[in-house]
Amino acid sequence: MIKIAILGFGVVGSGTAEVLTENKRVIEERLGCSYSIKYILDLRDFPDSPFGDLVVHDFNTILNDPEVSIVAEMMGGSHPAYDFSRACLEAGKSVVTSNKEVVSNFGVELCRIAAEHGVRYLFEASVGGGIPVIRPMINDLASNRVRTVNGILNGTTNYILTQMRDCGSSFAESLSEAQKLGYAEANPAADVEGIDAARKIVILAALASGKLLSPKSIHTEGITNITLLDTAVADALGYTIKLIGHAEVYDDGVMAMVSPRMVTKANPLANIDGVFNGILITANMVGDVMFYGPGAGKLPTASAVVADIIDIIANRDKAVKPIAWEDAKAEDIKSFDDYVCRRVLICQSAPALPNDVKVLKSCEVNGAVAVVIDTVSEARTSQLLAALGDTVIATYRTLA
Ligand code: HSE
């Protein structure tokens, strides 16, 4: 009998207990062995929960119990989640997690410690909620070199942007609804400021390149400055605004960033709405592949956590090769200034652009003038924006 402990009985932790219980018979049939949840660690008590009797308050009860071989960490935040995960791995227990903050900052180290102790550290639920994307990237795309990743990686912000666009709801109302639905982070600033998406895109970029960037080091913009004028301009120009995590993998390095973009309506990412996430990967052999599904929420995210538990149980007698990745060094990081794409400039009046800047399209919305300019680098864009000054109300990168 495999004994499992759950760290954190919040949205995803309670969902994990539910999935393990609700689908117990079918999972055990598939595995050919049985399991049970032995402990749930939380600061609170849950007298009304069917799992209430499993709650313990002292992490050492789990750490020192040799019967527990798999620990599911769903505490959120870096500490003590990292410290507990590390202690479990060092004690010879495999760890699965939905915690993208820990994976994006300490994933390489925790995988190394797991390998040193003959156990595993898996994190399918850390990106894309219920969408299978980590394991497919490691296994099913292993014959490829991934070149670019573009993803809608945060359910809360995609829900907010969709509500604002389709229902005219305010930013605050939409965020509050996303919180009620259990999509948002404990501190929703991590969602709306793009930090959660940054953690996720560095994880995907690392699987693609073998180099884990620090999420704090990448260019990150959120959605808090998006206005209804911007939404209307996007619509007039044939775009929809999405918060996009973008990674480019070169033969000798990697670059990742998060920003709102005007996405061409023909791009499949433009049609991913509500809490859904989508990850569009371009690889050198398969071409474009897209992963789509619920990017947040209790049972979808728990479904991915339990997939990792099943993977560990199914392969418990095998030596599974650890992920080939390392923390990115300075020479692995490609300059953000050199990144090029088309830009939309939303201006108070027609902008006086230099002759070498090619305008591809323009429109007027509510007295504002918007132009789409041909590919420019980040460095050149900064020069243009400085020269145009207050004329520019907003600017967006595009995604074709
Ligand atoms: N707050 C996250 C989101 C949860 O909204 O996508 C899933 O990682």
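For the structure itself, look to the data block above.
These remarks concern the structure in this document. Only a predicted model underlies this, so the values are computations on that prediction, with no experimental measurement involved.

**A word on the site of the ligand**
Line of reasoning, step 1. Around the ligand, the surrounding shell consists of Lys100, Asn154, Gly155, Thr156, Tyr183, Ala184, Glu185, Asp191, Asp196, Lys200, Gly295 and Ala296.
Line of reasoning, step 2. One of the side-chain nitrogen or oxygen atoms of lysine 100 is found 2.6 Å away from an oxygen atom of the ligand.
Line of reasoning, step 3. At 2.7 Å, a backbone N or O of glycine 155 approaches an oxygen atom of the ligand.
Line of reasoning, step 4. Broken down by secondary-structure element, the contributors of at least two residues to the shell around the ligand are α7 (155–167) and α10 (195–209).
Line of reasoning, step 5. Considering only residue class, the shell around the ligand consists of three nonpolar, four polar and five charged.

**Quick notes on helix α2 (residues 24–31)**
Line of reasoning, step 1. Among the residues of α2, those classed as buried are Ile27, Glu28 and Leu31. For α2, the angular spread of buried residues about the axis comes to 95°, placing them on one side. Of the exposed residues in α2, the ones pointing more than 90 degrees away from its buried face are Arg25, Glu29 and Arg30.
Line of reasoning, step 2. On its buried face, α2 is in contact with α1 (11–22), β2 (35–41) and α12 (298–314).
Line of reasoning, step 3. At the C-terminal side of α2, glycine 32 shows a positive phi close to 70°.

**Quick look at the packing of α7 against helix α8 (residues 171–180)**
Line of reasoning, step 1. Between α7 and α8, whose axes approach to 9 Å, the crossing angle comes to 135°. In terms of axis orientation, α7 runs oblique to α8. In this structure, α7 crosses over α8, and the sense of that crossing is right-handed. Within the contact between the two elements, α7 uses Thr156, Tyr159, Ile160, Gln163 and Met164 and α8 uses Phe171, Ser174, Leu175, Glu177 and Ala178.
Line of reasoning, step 2. Per-class residue counts for the contact of α7 with α8 are six nonpolar, three polar and one charged.

Definitions and cut-offs
- Residues numbered from 1 in each chain as written.
- Predicted model: local features only at pLDDT ≥ 70, side-chain atom pairs only at ≥ 80, totals over all residues.
- Heavy atoms only, no water.
- Near = heavy atom within 4 Å.
- Polar contact = N/O pair within 3.5 Å; in protein donor to acceptor, adjacent residues only side chain to side chain.
- Helix = DSSP H or I, 4+ residues; strand = E, 2+ residues; numbered from the N terminus.
- Nonpolar A, V, L, I, M, F, W, Y, C, P; charged D, E, K, R; others polar.
- Buried < 20%, exposed > 50% of the residue type's maximum accessible area, 1.4 Å probe, protein only.
- Arc of directions from axis to C-beta.
- Contact = heavy atoms within 4.5 Å.
- Axes fitted to C-alpha atoms, helices over the stretch in contact; angles between N-to-C directions.
- Parallel < 35°, antiparallel > 145°, perpendicular 65-115°, else oblique.
- Left-handed = near helix turned anticlockwise from the far one by under 90°.

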